[in-house]
Amino acid sequence: MSHMDHDTSGRRTWLWTVGTTVAGLAVTRTVSGTQVAASPVRWRTDFPALGQLINGKPLAYLDSAATTLRPEPVIEAIAGYYRTINANPSATLHTLARRSAEEYAAARTAVARFINADPREIVWTRGTTEGINLFASSWGGANLRSGDEILVSVAEHYSNWLPWRAIARRTGAVVRVFGVHDDGRLNLEDMERMLSPRTRLVAVSHVSNVLGLINSIPEVVRRARSVKALVFVDGAQSVPHVPVDVRALGCDFMAFSSHKMLGPMATGVAWARHEILEAMPPYQTGSNMAHEVTIDEAVLEHDGQKFQAGTPNVSGPIGLAAACAYLNGLGRPAIAEHEQTLTKRALDVFTRVRGLKLIGSTTADDRVPVFCFTIDGVPVPAIVKALDEEGIAVRGGDMAALPLLERFGTKAAARVSAYLYNTVQDIDRLGAVLDRLAR
Ligand SMILES: Cc1ncc(COP(=O)(O)O)c(C=O)c1O
């Protein structure tokens, strides 16, 4: 557990002890008690990676849609777990095993609360991709029949496309693809036209990793319900930026990744409504997901536990719970306001770079600070390289969304993605390099 303190110079320090309370909740209390009105400049001091020079220049990290940086409380929550508790969890055995079980359970509660879910509905995964594979394989394997249809949008990441295609091929179902408008918004009329009694599932991202646009999930759900289809939401790019309430969205399944929201890598969440989860067969089998195992029989666990075969990743959920507490502690409205500032600055910078073509919407409405673009006459790898030389980290390539890029007439793009620790100076430095490249 941690608490944050100020030394005599006013510098904040994180103090860690590991004991009987819950990492995530302890951080919530401390952060919310001291940092609600903090500025981005102060937030940055929590991120040790920002202290380094890259190619002799201060790091401007604009690749957060790929993975974010981690703040000290998250790093310490993970390290603190291994320093002391470090036991295979059990609710009934020795003290450390019990503490491990308590921390693990508390992390589940904290992360469930972050998306307004019931803790029983949380399945820990390695990330969004594994969550989608779990749903495709378990729910899809049990429910899809020959001729059934799954609708996805053309804006989906490969991870919200290929698992559905794979299960469709195994079961004889079909994946159908609906389009987006020129500004990148989902073409819901197109989707509606494709709906039929054969549609079993609509799978869409809440926020596309290329367009940065926040899709209206209730609008998708409303239409899907007209044919009694279920709705899966890929929350990889939304949960980090937008307060997500799975009940308010009305969807049936969601998956997201810890590493895109300040938490550790190889940890993620698959969420489904309780009755759906209970009806799904296990995804993997082994220890911890069954009891009373005889030579021929086994009694399956219930809830998320049925999908957690083997020794769990305990430190990952603890780190993710610390990340949720950290985000809550900074204040979601304060983060959103800062992201709007960054978004507007970036859009402003992009309009001034000669030959720069932004993919999708050019306004700041209903979006997070994720932008993909090309520059006439400048290959994408040259953009990434020139920025890297200046200490500015961005991504380039097909963004695991080639059908979408092709919809907008390109096979590759550069991507700038900002988060709470970025500044307008980062965006201005980006603009200066892009400007030079375009001339
Ligand atoms: C929209 C979207 N969906 C799914 C994924 C896959 O996430 P992960 O690689 O963490 O499993 C990503 C990762 O970039 C993404 O942006």
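Structure: above.
Residue numbers here run from 1 along each chain, matching the order of that chain's written sequence. A pLDDT threshold of at least 70 governs which residues receive local features in this predicted model, and a stricter bar of 80 or more applies before side-chain atom pairs are shown or counted, although totals over entire chains, interfaces and linings include all residues. Remark: hydrogens and water are excluded; side-chain values derive from all non-hydrogen atoms of the structure.

A. Structural detail: the sheet that holds strand 18 (residues 395-397). Taken in spatial order, the four strands line up as 15-16-19-18 in an open sheet, and their pairing is antiparallel. Strands at the two margins of the open sheet, each flanked by one partner only, are strand 15 (356-358) and strand 18. On average, each strand axis in the sheet is inclined to that of its neighbour by 30°, with strand direction left out of account. Between two residues, a contact is recorded if the distance between any of their heavy atoms is within 4.5 Å. The axes used here are C-alpha line fits, helices contributing only the stretch in contact, and every angle between their N-to-C directions lies in the interval 0 to 180 degrees. The helix and strand labels rest on DSSP assignments: H or I over at least four residues marks a helix, E over at least two residues marks a strand, and numbering proceeds from the N terminus. The sheet strands contacting helix 13 (residues 380-389) are strand 16 (370-375), strand 18 and strand 19 (413-417), and the helix crosses strand 18 at an angle near 165°. By the convention used here, strands pair only if DSSP detects at least 2 bridges between them.

B. Focus on the packing of helix 4 (residues 95-114) against helix 11 (residues 315-330). Where helix 4 contacts helix 11, the two axes come as close as 8 Å, and the packing angle between them is 40°. Viewed along their axes, helix 4 and helix 11 adopt a mutual orientation that is oblique. In this structure, helix 4 crosses over helix 11, and the sense of that crossing is left-handed. The segment helix 4 lies against helix 11, with Glu103, Tyr104, Ala107, Ala110, Val111 and Phe114 engaging Pro317, Ile318, Leu320, Ala321, Cys324, Leu327 and Asn328. To sort the angles, those under 35 degrees are grouped as roughly parallel, those over 145 as roughly antiparallel, those from 65 to 115 as roughly perpendicular, and the leftovers as oblique. Helix crossings fall into two classes, left-handed where the near helix is turned counterclockwise from the far one by less than a right angle and right-handed where it is turned clockwise.

C. Spatial organisation of the site of the ligand. Near the ligand the following residues occur: Gly127, Thr128, Thr129, His157, Ser159, Asn209, Asp234, Ala236, Gln237, Ser257, His259 and Lys260. Here an oxygen atom of the ligand sits 3.4 Å away from a polar atom, N or O, in the side chain of His157. Here an oxygen atom of the ligand and a side-chain polar atom of His259 are 2.7 Å apart. For the ligand, whose unbound accessible area comes to 390 Å², protein coverage reaches 85%. Here a cavity means grid points, on a 1 Å grid over the protein atoms only, where a 1.4 Å probe fits yet cannot get out; a pocket means an open set of points with protein on both sides within 12 Å along at least five of seven lines; lining residues are those with an atom within 4 Å of a point. Any molecule with more than half of its atoms within 2 Å of a cavity's or pocket's grid points is regarded as sitting in that cavity or pocket. Assessed atom by atom at 2 Å from the grid points, the ligand resides in the largest pocket. Any residue with a heavy atom lying within 4 Å of a molecule or strand is counted as near it. Polar contact criterion, stated in full: a pair of N or O atoms within 3.5 Å, where within protein one must be able to donate a hydrogen and the other to accept it, and residues adjacent in sequence count only if both atoms are side-chain atoms. Per-residue and other accessible areas follow the Shrake-Rupley method at a 1.4 Å probe size, with only the shown protein chains counted as cover for residues.

D. View of the layout of surface pockets. Estimates place the volume of the largest pocket at around 400 Å³. Lining of the largest pocket is provided by 26 residues; of these, Thr129, His157, Ser257, His259 and Lys260 occupy positions nearest its centre. Tallying contributions element by element places helix 5 (residues 128-143) first for the lining of the largest pocket, with four residues. Broken down by class, the residue content of the lining of the largest pocket amounts to nine nonpolar, 12 polar and five charged. Grid points are joined across faces, edges and corners, and a volume is the space filled by probe spheres set on the points. Gly counts as polar in this scheme, as do all residues outside two lists: the nonpolar Ala, Val, Leu, Ile, Met, Phe, Trp, Tyr, Cys and Pro, and the charged Asp, Glu, Lys and Arg.

E. Looking closely at the sheet that holds strand 8 (residues 174-178). Spatially, the seven strands line up as an open sheet ordered 6-12-11-10-9-7-8, and their pairing is mixed. Two strands in the sheet have a free side with no partner beyond their single neighbour: strand 6 (122-125) and strand 8. Direction aside, neighbouring strands of the sheet carry axes that sit 20° apart on average. Relative to strand 10 (residues 230-234), strand 9 (residues 199-205) runs parallel, the two being bridged by five bridges. Of the residues in strand 10, the one forming a bridge with Val204 is Val233. In the packing of helix 4 onto the sheet, contacts are made with strand 6, strand 11 (253-257) and strand 12 (268-272), and the angle to strand 6 comes to roughly 110°. Helix 5 contacts strand 6, strand 9, strand 10, strand 11 and strand 12 of the sheet and is inclined by roughly 155° relative to strand 11.

F. Summary view of helix 6 (residues 162-171). Categorising residues by exposure relies on relative accessible area from a 1.4 Å probe, with only protein chains included: less than 20% of the type maximum marks a residue as buried, more than 50% marks it as exposed, and the intermediate range marks it as partly exposed. Of all the residues in helix 6, the buried ones are Pro163, Trp164, Ile167, Ala168 and Thr171. Looking down the long axis of helix 6, one finds its buried residues gathered within 135° of arc, a one-sided arrangement. Helix 6 presents Arg169 and Arg170 as exposed residues on the side facing more than 90 degrees away from its buried surface. If you follow the buried residues of helix 6, they end up packed against helix 5, strand 7 (149-153), strand 8, strand 9 and strand 10. Looking one or two residues past helix 6, Gly172 carries a phi angle of roughly 85°, positive in sign. It is the directions from the helix axis to the C-beta atoms that the arc portrays.

G. Quick peek at helix 13. Taken residue by residue, helix 13 has Val380, Ile383, Ala386 and Leu387 as its buried positions. Buried positions in helix 13, seen along its axis, are confined to an arc of 130° and lie on one side of it. Exposed and oriented more than 90 degrees from the buried face of helix 13 are Pro381 and Lys385. The inward-facing, buried residues of helix 13 contact strand 16, strand 17 (392-393), strand 18, strand 19 and helix 15 (424-438). One or two steps after helix 13, the chain reaches Gly391, where phi turns positive at roughly 80°.

H. Structural detail: the environment of Leu69. Considering the arrangement of structural elements, one finds Leu69 in the loop between strand 5 (60-61) and helix 3 (72-85). Overall, the relative accessible area of 9% leaves Leu69 in the buried class. Counting along the chain gives 195 residues from Leu69 to Pro264, while the straight-line C-alpha distance between them is 9.4 Å. Non-local contacts of Leu69, meaning those with residues more than four positions away in its chain, are made with Phe47, Ala49, Leu50, Tyr61, Leu262 and Tyr421.

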